[in-house]
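Residue-level listing of the chains:
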Amino acid sequence: MPDPVRPSAPAARALRAPVRGGPVAAASLALTLLLSATAGAQRADAPARDFAGPYLAARAAAAAQDYAAAAPYLAAALAAAPGNPLLMDQLMTARVGLGDVPGAVPLARELSAWPRPPQAVRLILVADAVAAGDAEAVLAQLDAVEVGGPLVDGLIRAWALMGTGRMTQALEAFDAVVATPGTGSFGLYHKALALAIAGDVEGAEAILSGAVAGPLPLDRRGVIARLQILSQLGRHAPALDIVEAAFGPELDPELTALRDALEAGETLDFTVVTDPVDGTAELFFMLADVLRGDADNEYVLLFSRLAEFLRPDHVQAMLLSARLLDRMEQHDLAVAAFGRVDSDQPLYHEARIGAAESMFSDGRQDDAIALMQDLAESHGRFASVHVALGDLLRRAERYAEAADAYDEAVARIGEPQPRHWFLFYTRAIANEREDRWTLAEADFRKALVLNPDHPHVLNYLGYSLVERRENLDEALDMIERAVAGAPDNGYITDSLGWVLYRLGRYDEAVGPMERAVELRPTDAVINDHLGDVYWAVGRFREARFQWRRALSFGPADDLDMDRIRRKLEVGLDKVLIEEGARPHHPVSAGHAN
């Protein structure tokens, strides 16, 4: 059966794991233990109930990582139990989550006096010293205690040394990170940034080009840094080649401006980082970007918020914080975070897309779609805007409008490239749901031209052909390829069993259908399919068991509940006869086996 559209991009990460569990872990301590631990610090005239109420409310909010709700309750609880380290830790984390790093600093200072303070305390305090421009204080902190592990401490130290004017020692510190196993590429990248700030653009380009130690895995900001450096070296033609190779023809305003400046032969200012404070901000952003998806969202949010704190104009850090909040289901906070990106920023349309997606996830579907429709009017030159509008309309089951939005996107992409397979795939889904099969099939096949072996496309088209009883041999080949590409996907395995059933190869269908139910045991449609397969091979009692399971898990899309009830009443053979189809067991078709 067709599976949900859930693209993902897991990445292998190499960084020291966090050493704290966040407010949820802290809130798991029993209230009675917390009360007894703070009895000495609590005022004599503050009864326990004055503390317990706000604490319990804060605990519920913290468990949901609802910083906006937790912060005032935690502040009230802390007022009733001043000096309580658990409450201070929770309130500090909530304030960081809200983007109020300055409000978290006093709490971090108090917590630093306690034995084994959380890692977040040390990171916040060192970030505060960096923001104050006190590089000597940063170095003193690093000498006194480990802040975040070899990578974090090594790069913060290098930037702090540069901030004191000790460039030779700073480069030695960068080289120490380069020499540490697992952190070499990070050290090289930051060393290149430092060299560019210092005016050694040749040295910076040697690192970024891979001439020093091989190619570096550069993200968007890294590529922009290299483009700016190449322009200063007068190497505009290679820079333009990099723009095309890295970003393709569909450029946002920032990249368009870069390309136009390079084509005009202009010398670009180096703006990715401008001083050691920016360098430390870039480190925190880099850590957040590397860790997302592989570490707890709250822990990753700490780094992106610290990046914003050190560099308030770091738009990509703002966007990352907003996306993390959305993943934490703090949709109102996410919308507010996306809203911090001003309309004159090149990535404004990305921020609006993110805000709309957060609104949609929060149940504000009409507001989200209206926002995207307005954005399509103001920023309609970007294909990504129409894709995002189409995705929201498709999720709202407004398939005809979704197809129209995808049409607008396709009109703006130029010659389709392999990366556009998903656009044709989603437009095919929208048209298929509107019974526009000719258009849908053409788009499914176009998606396969662009990405020939993608299991989801093979499965969706193959399954649709099976349901339409068209080209069953081709459908079987597609689904077999899909299963080979995604052997643990229950929907795709179900498709294989179902096409074998449709082809009359009932005995062969049993194994894949049983495997599909193992993979998706509560899926109503898959259980119904297994019931039909069991019936076809004469396993009538097991067939009825599966149909009852299907009813218990339904209703569901593509599931005819009344048909299942009729099968339970009279058997599948009688239902097939009533539908004008050939029964599996003609001899027994007159009764409900």
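The shown structure was predicted, so the numbers you read here are calculated from the model rather than taken from an experiment.

### Things to note about the overall build of the chain
1) Next: Secondary structure summary: the chain contains 33 helices and zero strands in total.
2) Next: With 593 residues in all, the chain has 52% of them scored as buried.
3) Next: When contacts within the chain are restricted to residue pairs at least 6 apart in sequence, those whose partners lie at least 24 apart make up 56%.
4) Next: Accessible surface, the chain as shown: approximately 25,500 Å² in total, 50% of it carbon and sulfur.

### Some remarks on the nonpolar core
1) Next: Membership of the largest hydrophobic core comes to 196 residues, with the highest contact counts inside it found for Met-92, Ile-124, Phe-284, Met-372 and Phe-444.
2) Next: Once you skip the residues sitting within four places of it in the chain, Phe-444 turns out to touch Tyr-425, Ala-428, Ile-429, Glu-432, Trp-437, Val-457, Tyr-460 and Leu-461.

### Quick notes on the packing of aromatic side chains
1) Next: Throughout the structure, instances matching the rule amount to 14 aromatic pairs.
2) Next: Where Tyr-299 meets Phe-303, the ring centres are 5.2 Å apart and the plane angle is 90°; that geometry is what we call edge-to-face. Of this pair, Tyr-299 and Phe-303 both sit in helix 17 (residues 297-310), four residues apart, roughly one helical turn. You'll find Tyr-299 and Phe-303 in the same group, each marked buried.

### Comments concerning unusual backbone geometry
Negative phi is the rule for most residues except glycine; trans is the rule for most peptide bonds.
1) Next: In the segment running from Gly-554 into Pro-555, the intervening peptide bond is cis, with an omega of 0°.
2) Next: Tracing the sequence through the fold places Pro-555 in the loop between helix 31 (540-553) and helix 32 (561-570).
3) Next: One non-glycine residue, Arg-116, lies in the positive phi region at around 50°.
4) Next: With respect to the helices and strands, the residue Arg-116 is situated in the loop between helix 6 (101-111) and helix 7 (119-131).
5) Next: Within the chain, Glu-329 stands out as a residue other than glycine whose phi angle is a positive 65°.
6) Next: Structurally, Glu-329 can be placed in the loop between helix 18 (315-327) and helix 19 (331-338).

### A few points about the confidence of the model for the chain
1) Next: Of the residues in the chain, 88% reach a pLDDT of 70 or more, and the chain-wide mean stands at 88.
2) Next: Taken as a whole, residues 4-49 scores under 50 in pLDDT and shows 70 contacts with residues more than four places along the chain or in a different chain.

How each quantity is defined
Residues numbered from 1 in each chain as written. Predicted model: local features only at pLDDT ≥ 70, side-chain atom pairs only at ≥ 80, totals over all residues. Heavy atoms only, no water. Helix = DSSP H or I, 4+ residues; strand = E, 2+ residues; numbered from the N terminus. Buried < 20%, exposed > 50% of the residue type's maximum accessible area, 1.4 Å probe, protein only. Contact = heavy atoms within 4.5 Å. Areas by Shrake-Rupley, 256 points an atom, 1.4 Å probe, with all protein chains shown as cover. Core = buried A, V, L, I, M, F, W, Y, C linked by side-chain atoms within 4.5 Å. Phe/Tyr/Trp six-rings, centres within 6.5 Å; stacked < 30°, edge-to-face > 60°. pLDDT = per-residue confidence, 0-100.

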